[in-house]
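# Observations on the three-dimensional arrangement
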Amino acid sequence: MQVVTGEEMKEVDRYAIESLGLKEELLMENAGRAVAEVIMEDHSLQEKAAILIGKGNNGGDGFVVARVLIDHGMDVDVWLLADPNEFEGAACYHKEIYENLGREWKEWDASLCEMDDYDVVIDAMLGTGVRGPLRPPYKEAVLAVNKGSADVISIDIPSGVPSESGKIPETVIYADTTVVIQAPKCSAYLYPATDCYGAIRTVDIGLRKVIENNVPIRRKVWTKNDVCHSLPHRIPNAHKGTHGKGLLIGGSKSMPGAVTLAASACLNSGAGLLTTAAPSSVMPVVHSQLPETMGMPLPEQGGAIAGDLMGMDFNTNPYQAVAAGPGLGREKTIKPLVRRLLTEVNAPLLLDADALYFLPELEQEVKARNAPLIITPHPGEMSRLTGEKTEKINNQRFTLSREFAMEKGCYLVLKGPHTIVTTPDGDQFINTSGNEALARGGTGDVLTGLILGLLLQGKETSASVMNAVYLHGLTADIAVKKSRQTYAMTASDFIHLLPLAFRSIISSF
Ligand SMILES: NC(=O)C1=CN([C@@H]2O[C@H](COP(=O)(O)OP(=O)(O)OC[C@H]3O[C@@H](n4cnc5c(N)ncnc54)[C@H](OP(=O)(O)O)[C@@H]3O)[C@@H](O)[C@H]2O)[C@@H](O)CC1
Ligand SMILES: [K+]
């Protein structure tokens, strides 16, 4: 499922209208009918509904919904928030059809419209055309809707919420359900705007192929189906070498656990062989937890890896993928190590956590890489990488991710609720698995291990990364489903649930 900006959606509409000859009135009819079908699936025709209609095309959709629901026998009050003479184009056309059928509307009046009289309120006030904070009377109407007890259904986008940014003005609709037309808008996956959408239902108005082929949208939700199609299949006559040989570098005296968690997740992801490289004093800790990993004790300085490796014969060529970062620490000595990895690793290289700390100082080495580089910052780390404030990163995750990944030529995994993966070509994939239980120490290390493990199994880089992100979120969903709480759980619990996450995918093959 593609995710669009308001501008991209307009371009899709324009193509359908100008190049295919589909009439705007017909698109609106399709939209309104499809929305009405969803409402009738979720609500009884015995319920009483109010439809609040604005002057743009979102309001036009509202007139079609009103007509269809009334045709089916529902008791519907239509409230107009705009001057009836201001309607234009397709919205005016559908207003007239509604009127020609002898149906009635009322001009919005806060003192006459009692929201608690209704079981359902349908928000057709503003869609992708909204600009800035709501003006009267929209603002008053939105406040009244939010205060009421009716079930709120927004058409396309909750009124007041922008399409592209996660930042919302003070007054916006908080919907229970948003019936999205053709494709969700970016704000559906950006906080805090996400919270306004409620449950998202998407309806097709006949533009699916246009979005796929004619006005290609390079931003999509990565679904369970995508995981099923791209997860590497296990071969019955495989040996351990079939599933890749990986190298994980991390750990320091004060953080031996991070690298251990990453190694454990990697070994639980189907990887064949894993070597864990850590300061020599940390290796016994790793081995005591994970006898399955091979060890590469590294020279150390002050409890961290000595970045120059003290002349040690260090060869990354035997590995199909390399990851570095968990628990490395930020000692100055780590920088030469990261530089060396960027220069010498000819396989996919994943840098996470402390390994990202030195990246802004290693621009040349990043740009000079030929093999894939994957980085996994959380918003705070992304702020350091870009020099932008964390708030801006959160509001514009799609735009800033794409700019960064394309400029640096890397795969960027911007973590957070709805993690976004961007390829060096600018393709974007959005994750929808996972929940707030993941907001705890160690889960990033688990993700690093999982990504390394799936990279080793030889699928396309973007699919391996997205599958790891999806499975990581799925373990948290399973954890919450099983324990019905999010307090008492640790990153290790998510690793222990990986078998169930994989089983859930395999059973859908
Ligand atoms: N195109 C198509 O083919 C299809 C489109 N479809 C539907 O159309 C929707 C997009 O329609 P749209 O572009 O008309 O925008 P929409 O949000 O309804 O209204 C814009 C109006 O709002 C006003 N306004 C703006 N900001 C405001 C504010 N802060 N406070 C108050 N008022 C404000 C602004 O007024 P102005 O500032 O110009 O005076 C302007 O006139 C889309 O979401 C989908 O539902 C479907 O039917 C499928 C086919
Ligand atoms: K709306």
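Please read these numbers as outputs of a predicted model, since none were measured by experiment. (Residues numbered from 1 in each chain as written. Chains lettered and ligands numbered in written order. Predicted model: local features only at pLDDT ≥ 70, side-chain atom pairs only at ≥ 80, totals over all residues.)

## Points about the overall build of the protein chain
- Scanning the protein chain from terminus to terminus reveals 20 helices and 19 strands.
- Computed over the C-alpha atoms, the radius of gyration of the protein chain is 26 Å, within 12% of the 23 Å expected from 2.2 N^0.38 for a compact globule of 509 residues.
- When its C-alpha atoms are laid out on the principal axes, the protein chain stretches across 85 × 45 × 45 Å.
- Across the protein chain, the fraction of contacts at a sequence separation of at least 24, relative to all contacts at a separation of at least 6, is 72%. (Helix = DSSP H or I, 4+ residues; strand = E, 2+ residues; numbered from the N terminus. Rg over C-alpha atoms; globule rule 2.2 N^0.38 Å. Contact = placed C-beta atoms within 7 Å.)

## Considering the sheet that holds strand E15 (residues 349-351)
- Pairing within the open sheet is mixed, and its 10 strands lie in the order E8-E19-E18-E17-E16-E15-E14-E9-E10-E11. Across the chains shown, the open sheet's two edge strands, defined by having one partner strand only, are strand E8 (219-222) and strand E11 (294-298). Taken pair by pair, the neighbouring strands of this sheet meet at an average axis angle of 20°, ignoring direction.
- Sheet strands in contact with helix H9 (residues 256-267) are strand E9 (245-249) and strand E10 (273-279), and its direction is about 175° off that of E10. (Pairing = 2+ DSSP bridges. Axes fitted to C-alpha atoms, helices over the stretch in contact; angles between N-to-C directions.)

## Here's the deal with the packing of helix H2 (residues 24-42) against helix H3 (residues 57-71)
- Interaxial distance between H2 and H3 falls to 8 Å at its minimum, and their mutual angle equals 55°. Between H2 and H3, the crossing angle belongs to the class labelled oblique. The two elements H2 and H3 cross, and the hand of that crossing is right-handed. Within the contact between the two elements, H2 uses Met 28, Glu 29, Ala 31, Gly 32, Arg 33, Val 35, Ala 36 and Ile 39 and H3 uses Asn 57, Gly 60, Asp 61, Val 64, Val 65, Val 68 and Leu 69.
- For the contact of H2 with H3, the per-class residue count stands at 9 nonpolar, 3 polar and 3 charged. (Parallel < 35°, antiparallel > 145°, perpendicular 65-115°, else oblique. Left-handed = near helix turned anticlockwise from the far one by under 90°. Nonpolar A, V, L, I, M, F, W, Y, C, P; charged D, E, K, R; others polar.)

## Notes on the confidence of the model for the protein chain
- Confidence along the protein chain averages 95 in pLDDT terms, with 100% of residues attaining 70 or more.
- Scored by ipTM, the complex comes to 0.98, with pTM at 0.93. (pLDDT = per-residue confidence, 0-100.)

## Here we look at the domain arrangement of the protein chain
- Assigned domains within the protein chain: domain 1 (6-217) and domain 2 (225-506).
- Here the C-alpha centroids of domain 1 and domain 2 sit 42 Å apart.
- Counting residues at the interface gives 7 residues for domain 1, matched by 8 residues for domain 2.
- Residue classes in the side of domain 1 that touches domain 2 are distributed as 4 nonpolar, 2 polar and 1 charged. (Domains from an automatic or database assignment.)

## Examining helix H16 (residues 397-408)
- Counted at 1.5 Å a residue, the expected span for H16 with its 12 residues is 16 Å, and the 16 Å between its end C-alpha atoms agrees.
- Buried within H16 are the following residues: Arg 397, Phe 398, Leu 400, Ser 401, Arg 402, Phe 404 and Ala 405.
- Looking at the packing, one finds that the buried side of H16 touches E8, helix H14 (379-386), helix H15 (390-395), strand E17 (411-414), strand E18 (420-422) and strand E19 (428-431).
- One or two positions beyond H16, positive phi appears at Gly 409, with a value near 70°. (Expected span 1.5 Å × (residues − 1). Buried ≥ 20, exposed ≤ 12 C-beta atoms within 10 Å, placed from the backbone.)

## Section: the nonpolar core
- Residues Ile 51, Ile 122 and Leu 248 are the most contacted members of the largest nonpolar core, which totals 162 residues.
- With 9 residues, helix H18 (residues 461-483) is the largest single contributor of residues to this core.
- Both domains that meet at this core, namely domain 1 (6-217) and domain 2 (225-506), each give it at least three residues.
- Not counting residues within four places of it along the chain, the set of residues in contact with Leu 248 comprises Val 259, Ala 262, Ala 263, Cys 266, Leu 274, Thr 276, Ala 277, Ala 323 and Leu 452. (Core = buried A, V, L, I, M, F, W, Y, C linked by C-beta atoms within 7 Å.)

## Quick word on the site of ligand 1
- Surrounding ligand 1, one finds 29 residues, the nearest of these being Gly 56, Asn 57, Asn 58, Gly 127 and Gly 129.
- A total of 5 residues in the shell around ligand 1 trace back to one element, the largest contributor, which is H3.
- Here the residues of the shell around ligand 1 are counted per class, giving 12 nonpolar, 10 polar and 7 charged. (Near = placed C-beta within 6 Å.)

## Some remarks on the pairing of E9
- Most of E9 sits out of view: 4 of its 5 residues are buried.
- Where E9 and E10 come together, 5 bridges link them in parallel fashion. Across the sheet, residue Leu 247 finds its bridge partner in E10, namely Thr 275.
- As a crossover connection, the stretch from E9 through H9 into E10 is right-handed.
- When E9 meets strand E14 (residues 321-324), the two strands line up parallel, connected through 4 bridges. The partner of Leu 247 across the bridge, within E14, is Val 322. (Right-handed = clockwise from strand over helix to strand, strands pointing away.)

## Some points on the UniProt feature "binding site: K(+)" (unreviewed entry) in the protein chain
- Under the present numbering, the feature "binding site: K(+)" (unreviewed entry) in UniProt falls on Asn 58, Asp 123 and Ser 159. Spanning 102 residues, the annotated positions come together in the fold, the maximum distance between their C-alpha atoms being 9.4 Å.
- Along the chain, Asp 123 turns up in strand E4 (residues 120-124).
- Given 29 C-beta atoms within 10 Å, Asp 123 falls into the buried group.
- Apart from residues no more than four positions distant in its own chain, Asp 123 is found in contact with Leu 52, Val 145, Val 152, Ile 153, Ser 154, Ile 155, Pro 158, Ser 159, Ile 173 and Ala 175.
- Within the secondary structure, Ser 159 sits in the loop between strand E5 (151-155) and strand E6 (177-181).
- Residues in contact with Ser 159, not counting those within four places in the same chain, are Asp 123, Met 125, Leu 126, Val 130, Tyr 138, Val 142, Ser 154, Val 172 and Ile 173. (UniProt positions renumbered as here; feature names shortened; annotations may be inferred.)

## Focus on the pairing of E14
- The alternating pattern of E14 places Ala 321 and Ala 323 and Val 322 and Ala 324 on opposite faces, both of which are buried.
- Where E14 and E15 come together, 3 bridges link them in parallel fashion. Counterpart to Ala 323 in the pairing with E15 is Leu 350.
- Chirality of the crossover, the property in question, places the unit of E14, helix H11 (residues 334-344) and E15 among those that are right-handed.

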